[in-house]
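# Overview (structure and organization)
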Amino acid sequence: MTRGWVPKPPPKTGGLTAAKQWLAARLKPATDRTHQPSQPAAGLVAQAVSKHVSVASTNQASRSMQYLLDDLLGLGPLAEFARDTTTTDIIVDGHGRVWTDTGAGLHRTQTVLASETTRALAVRLLGQGGKRLDEGMPFGDVQIGNARVHAVLPPIATAGPQLSIRLPSRTQPTVEALAAEWPGAEKWLNVLNHLMHHRANILISGATGSGKTTLLAALLATVDPDQRILTIEDTPELDIRHPHVVGLATRDPNTEGQGGIGLPILIRQALRMRPDRVIVGECRGAEVAEFLSAMNTGHRGAIGTVHANSAGDVPARLNAMAALAGLDPVTAAAQIRSAIDLVLHLHRDEHGQRYPAEAALLSKASQDTHLPLVPVLQTIDHQVIEGPGLALLDGLAQQEAA
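Residues numbered from 1 in each chain as written. Predicted model: local features only at pLDDT ≥ 70, side-chain atom pairs only at ≥ 80, totals over all residues. Heavy atoms only, no water.

Convention followed: UniProt positions are given in the numbering used here, feature names are shortened, and annotations may be inferred rather than shown by experiment.
For the protein, an unreviewed UniProt entry supplies the name TadA family conjugal transfer-associated ATPase and the organism Enteractinococcus helveticum. Recorded in UniProt under Sequence similarities (unreviewed entry), the annotation for the protein is "Belongs to the GSP E family."

Spelled out as structure tokens, the structure:
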């Protein structure tokens with residue numbers, strides 16, 4: 001008979017849980033900005049399984065090893081969807097339903113995650129990237145490997161924890177391959193080849209998922225191999241088939257709010273690195289002032305991307321971002337007018353097909369804050385309509401020569 005209270009021994013752990021703990025203790029810490037610990041050797045993973053998991057076949061052992069890697073370094077229960085090379089987006093909604101996009105719009109899968117599972121996965125992924133995710137900071141995003149992860153927790157996610165994962169393209173399609181599904185492909189290819197050959201300054205606009213980054217990478221692959229390309233991105237997404245690409249990426253501040261490096265700083269650094277072309281992955285705010293300055297320093301062939309609903313909305317978006325940088329409307333308009341030659345707007349229809357919808361030259365004739373666009377090509381009901389700007393494209397060759 002015992003006297004007083006005797007604590008119960010802690011529950012024994014075994015199986016995959018113990019194997020995961022054993023393997024986690026032997027992983028090397030991350031050494032790069034992707035925050036991804038080094039991939040353990042296959043022998044080490046196999047040792048973790050053999051020590052702690054009872055397996056009856058080689059296939060079961062392989063599945064257990066893959067589970068450990070997914071649960072420690074990968075996307076956990078979502079990893080199977082990421083292994084599909086056609087998947088571009090994985091979404092977990094507030095009810096735990098998993099949706100994927102393989103190029104034809106979102107499709108609901110049969111997988112449903114418990115709220116606790118989604119939350120634990122979100123916390124682990126952002127923690128792996130050095131980010132905090134809890135009730136005090138209920139949202140965040142991070143890059144894990146090549147995946148861009150965004151998470152939102154209650155109370156701001158009213159239905160439950162939500163995850164949005166963007167995956168990069170596994171392929172590097174050429175412009176010709178992309179154009180195979182475009183209406184009026186020949187006309188668009190002629191215009192794009194002319195713009196790239198004469199080093200036009202282009203702003204590619206479109207909604208999320210319209211293919212801005214994919215087309216940008218394909219266009220840059222056509223650049224003369226002797227030209228030096230400087231890319232500046234928040235999240236490294238551009239995968240360019242070109243022999244001379246220098247990539248710069250922003251860095252978030254640490255937990256003390258120190259050490260952050262934003263796009264404006266990187267743009268200034270890029271201009272000191274002898275670029276032939278300066279590429280800004282996405283203009284979102286005050287960094288547009290540096291981007292416009294870069295375009296106005298003689299670095300022809302600069303390209304950037306921006307979110308917009310149409311080509312006609314781009315001037316207003318640029319003016320709004322320039323205002324964040326402290327530029328008055330007249331100065332902003334003058335900078336935009338001299339920096340940008342053409343706006344190329346991409347569209348994604350209800351069937352998931354992506355194609356250029358508008359190409360328009362930014363008129364240089366206006367002298368006030370108005371920034372009119374001159375249509376070059378427009379895709380309307382899958383018919384390509386030529387505009388008056390098509391006859392003005394030869395003027396770009398004269399600008400390059402000057």
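## Structural notes on the sheet that holds strand β15 (residues 383-386)
The test is simple: Note: two strands are recorded as paired if DSSP finds a minimum of 2 bridges between them. A helix here means a DSSP run of H or I that spans at least four residues, while a strand means a run of E at least two residues long, and both kinds are numbered starting from the N terminus. For helices, the axis comes from a line fit to the C-alpha atoms of the stretch in contact; other axes are also lines fit to C-alpha atoms, and the angle between any two N-to-C directions lies between 0 and 180 degrees. Contacts are assigned to residue pairs that have any heavy atoms within 4.5 Å of one another.
Pairing is mixed across the open sheet formed by nine strands, whose spatial order is β9-β8-β10-β11-β7-β12-β13-β14-β15. Either end of the sheet is taken by a strand with one partner, and the two such strands are β9 (245-249) and β15. For this sheet, the mean inter-axis angle between neighbouring strands, taken without regard to orientation, is 20°. The strands that helix α7 (residues 185-197) touches are β7 (202-206), β10 (277-280), β11 (303-307), β12 (342-348), β13 (354-362), β14 (373-380) and β15; relative to β14, the one it contacts most, it runs at about 145°. This element, helix α10 (residues 288-295), spans β7, β10 and β11 of the sheet and lies at about 150° to β11.

## What about helix α5 (residues 115-128)?
Since the α-helix advances by 3.6 residues per turn, residues separated by three or four positions end up pointing in the same direction. This is how it is decided: Given a helix with a known number of residues, its expected span is that number minus one, times 1.5 Å. Relative accessibility decides the category of a residue: with a 1.4 Å probe and only protein chains considered, values under 20% of the type maximum give buried, values over 50% give exposed, and everything between is partly exposed. By arc we mean the arc of the directions from the helix axis to the C-beta atoms, nothing more.
For α5, which comprises 14 residues, the first-to-last C-alpha distance of 20 Å matches the rise-based estimate of 20 Å (1.5 Å per residue) to within 8%. Among all positions in α5, only Thr118, Leu121, Ala122, Leu125, Leu126 and Gln128 are buried. With its buried residues spanning 160° around the axis, α5 presents them on a single face. Downstream of α5 by a residue or two, Gly130 has a phi angle that is positive, lying close to 80°.

## Describing the side chain of Thr305
Its location among the elements puts Thr305 in strand β11. Non-local contacts of Thr305, meaning those with residues more than four positions away in its chain, are made with Leu203, Ile204, Lys212, Leu216, Val280, Gly281, Glu282 and Cys283.

## Concerning the pattern of salt bridges
We count it as follows: Salt bridges are identified by distance alone: a Lys or Arg side-chain nitrogen within 4 Å of an Asp or Glu carboxyl oxygen.
Within the structure shown, the criterion is met by 10 salt bridges. In this structure, Asp341 and Lys364 form a salt bridge, with 3.7 Å as the shortest nitrogen-oxygen distance. Taken together, the residues Asp341 in the loop between α12 (329-339) and β12 and Lys364 in the loop between β13 and β14 connect sequence positions 23 residues apart. By relative accessible area, Lys364 is classed as partly exposed at 34%. One network of salt bridges, with partners in common, ties together Arg300, Asp341 and Lys364.

## Focus: the nonpolar core
Operational definition: By nonpolar core is meant a set of buried Ala, Val, Leu, Ile, Met, Phe, Trp, Tyr and Cys residues that side-chain atoms within 4.5 Å join together.
Core analysis: the biggest nonpolar cluster contains 36 residues, and Leu195, Ile202, Leu342 and Leu344 have the highest contact counts within it. Those elements that provide at least two residues to this core are α6 (175-179), α7, β7, α8 (212-220), β12, β13 and β14. Grouped together as the second largest cluster of nonpolar side chains are 33 residues, Val246, Ala270, Met321 and Ile340 included.

## Things to note about the pairing of β11
Inclusion rule: When the strands point away from the viewer, a crossover counts as right-handed if the route from the first strand across the helix to the second turns clockwise.
Across the five residues that make up β11, a large majority, four, are buried. Bridge count between β7 and β11: five bridges; the pairing is parallel. Paired with Ile204 across the strands is Thr305, a residue of β11. The pairing of β10 with β11 spans two bridges and is parallel. Considered in β11, the bridge of Ile279 is made with Ile303. With α10 bridging β10 and the parallel β11, this β-α-β connection has right-handed handedness.

## With respect to the packing of α10 against α12
Test applied: In these notes the angle categories are as follows: under 35 degrees is roughly parallel, over 145 is roughly antiparallel, 65 to 115 is roughly perpendicular, and the rest is oblique. Helix crossings get a hand from a simple test, with the near helix turned counterclockwise from the far one by less than a right angle marking a left-handed crossing and a clockwise turn marking a right-handed one. As a working rule, the residues Ala, Val, Leu, Ile, Met, Phe, Trp, Tyr, Cys and Pro are called nonpolar, Asp, Glu, Lys and Arg charged, and the rest polar, with Gly in that last group.
Where α10 meets α12, the axes come as close as 8 Å, and the angle between the chain directions of the two elements is 45°. Between α10 and α12, the crossing angle belongs to the class labelled oblique. Where α10 crosses over α12, the handedness of that crossing is left-handed. Residues Leu292, Ser293 and Met295 of α10 touch α12, and the partners they reach there are Gln335, Ile336 and Ala339. Residue classes in the contact of α10 with α12 are distributed as four nonpolar, two polar and no charged.

## As for the sheet that holds strand β4 (residues 139-144)
Pairing in this open sheet of six strands is antiparallel, and the strands run β3-β2-β1-β6-β5-β4 from one edge to the other. If you trace the sheet from one side to the other, it starts and ends with β3 (106-112) and β4, each paired once. Each strand axis lies, on average, 20° off the axis of its neighbour in the sheet, ignoring direction. When strand β1 (residues 89-92) meets strand β6 (residues 162-166), the two strands line up antiparallel, connected through four bridges. Bridge pairing in β6 links Val92 to Leu163. Along the sheet face, α5 touches β1, β4, β5 (147-152) and β6 and points at about 60° away from the line of β4.

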